[in-house]
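A look at the structure
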Amino acid sequence: MGLHQLRGRLTIIPQDPVLFSGTLRANVDPFKSYSDDLVWKALELSHLKTFVKGLAAGLDHEIAENGENLSVGQRQLICLARAVLRKTKVLILDEATAAVDLETDDLIQKTIRTEFADCTILTIAHRLNTILDSDRVLVLDKGLVAECDSPQILLANRESIFFGMAKNAGIVS
């Protein structure tokens, strides 16, 4: 599989949202592959429709370099809208909600659970609540695999590293 083909089949939502100077529409659909209706649907599913409708220029709102004229949460939701629009089969979340407030985290998680239900999702996360409903959890310790199983099995084992992490996070007692 070539690099271009691989890139077309996966989407990454990084911890630091990547936005470009240009219009909001160009940031959601950089290759102009989708209709305005589909872009608006992606914005709605990403909980940004009301915000964008409130902007004087709407989809033509100019985004400053690195999205400096938006909050971190708004930037992250634009990255989510981009992912929703692309509908790839593999979604990689690299600490995608680490820099946002809990309310925005909750919005992102709800959208991911509904819109990417049929996708393979690889999540790198420190917030354990974002992975508790995953099929498998891989716990790394000093760069090595320490544990790998379903969250339920790892949480049932009071000796597991994952249980200790969940206990420290106040998820289990």
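Residue positions are counted from 1 within each chain, in the order its sequence is given. Given that the model is predicted, a residue must reach a pLDDT of at least 70 before its local features are reported, and side-chain atom pairs must reach 80 or more before they are shown or counted; all residues, however, enter totals for whole chains, interfaces and linings. For the side-chain quantities, the full set of heavy atoms in the structure was used; hydrogens and water were omitted.

**Here's the deal with the environment of Q5**
Cut-off, in case you're wondering: Helical segments are the DSSP runs of H or I of at least four residues, strand segments are the runs of E of at least two, and each set is numbered from the N terminus. Throughout this description, buried means an accessible area under 20% of the type-specific maximum (1.4 Å probe, protein chains only), exposed means over 50%, and partly exposed covers the range between.
Inspection of the secondary structure puts Q5 in helix α1 (residues 3–7). With a relative accessible area of 36%, Q5 lands in the partly exposed category.

**Concerning the domain arrangement of the chain**
Defined as follows: In this document the domain limits rely on a domain assignment from an automatic tool or a database. Contact criterion: two residues are considered in contact whenever any of their non-hydrogen atoms come within 4.5 Å of each other. Summed over both partners, the accessible area lost on bringing two parts together, with a 1.4 Å probe, is the buried area. We define a salt bridge as a side-chain nitrogen of Lys or Arg found within 4 Å of a carboxyl oxygen belonging to Asp or Glu. Two N or O atoms form a polar contact when they lie within 3.5 Å of each other; inside protein one atom must be a possible hydrogen donor and the other a possible acceptor, and for residues adjacent in sequence the pair counts only when both atoms belong to side chains. In the scheme used here, Gly and all other residues not listed as nonpolar or charged are polar, with Ala, Val, Leu, Ile, Met, Phe, Trp, Tyr, Cys and Pro taken as nonpolar and Asp, Glu, Lys and Arg as charged.
Structurally, the chain comprises domain 1 (3–126) and domain 2 (128–172). A separation of 28 Å is found between the C-alpha centroids of domain 1 and domain 2. Taken residue by residue, the interface counts seven residues in domain 1 and five residues in domain 2. Taking both sides of the interface into account, the surface hidden between domain 1 and domain 2 amounts to around 480 Å²; carbon and sulfur atoms contribute 41%. On the domain 1 side of the contact with domain 2, R113, A125 and H126 bury the most area, a combined 58% of that side's loss. Linking domain 1 to domain 2 there are one salt bridge. Among the ionic pairs, D133 bridges to R113, the shortest N-O distance being 2.4 Å. Counting across the domain 1 and domain 2 interface gives two residue pairs in polar contact (both at pLDDT 80 or more). Among the elements that line the side of domain 1 that touches domain 2, the one with the most residues is helix α6 (residues 102–115), at three residues. Its residues placed into classes, the side of domain 1 that touches domain 2 shows one nonpolar, four polar and two charged.

**Here's the deal with the nonpolar core**
Within soluble globular proteins, side chains that are nonpolar tend to cluster in buried spots. Keep this limit in mind: Residue types Ala, Val, Leu, Ile, Met, Phe, Trp, Tyr and Cys, when buried and joined through side-chain atoms within 4.5 Å, form a set referred to as a nonpolar core.
By size, the foremost hydrophobic cluster in this structure holds 30 residues, and its most contacted members are I13, L24, V28, L43, L80 and F116. Among the elements of the structure, α2 (24–28), α3 (36–45), α5 (72–86), β4 (90–94) and α6 are those that each provide at least two residues to this core. It is α5 that provides the largest number of residues to this core, a total of eight residues. Not counting the four nearest positions on each side in its chain, L24 is found in contact with L43, V52, L55, G58, L59, H61, I63 and I78. If you look at the next biggest cluster of nonpolar residues, it comprises seven residues, including I131, V137, V139 and A166.

**Some details on the sheet that holds strand β5 (residues 120–124)**
In plain terms, the rule: Strand pairing is assigned whenever DSSP detects at least two bridges linking the two strands. Interaxial angle, 0 to 180 degrees, is taken between N-to-C directions of lines fitted to C-alpha atoms, where a helix line uses only the stretch in contact.
Strand order in the open sheet formed by three strands is β1-β4-β5, and the pairing between neighbours is parallel. Two strands bound the open sheet, and with one partner strand each, they are β1 (10–13) and β5. Between one strand axis and the next, the sheet turns through 15° on average, direction left out of account. Pairing of β1 with β4, which is carried by four bridges, proceeds in the parallel orientation. Bridging from a neighbouring strand, L10 pairs with V90 of β4.

**Side note on the pattern of salt bridges**
Inspection of the entire model under this criterion finds eight salt bridges. Of the charged contacts, one joins D149 and R136 as a salt bridge, the two residues approaching to 3.4 Å between their closest N and O atoms. Residue D149 is located in strand β7 (residues 144–149), and its partner R136 is located in the loop between β5 and β6 (137–141); the two are separated by 13 residues in the primary sequence. Connected through salt bridges with shared partners, the residues R25, D29 and D36 form a single ionic network.

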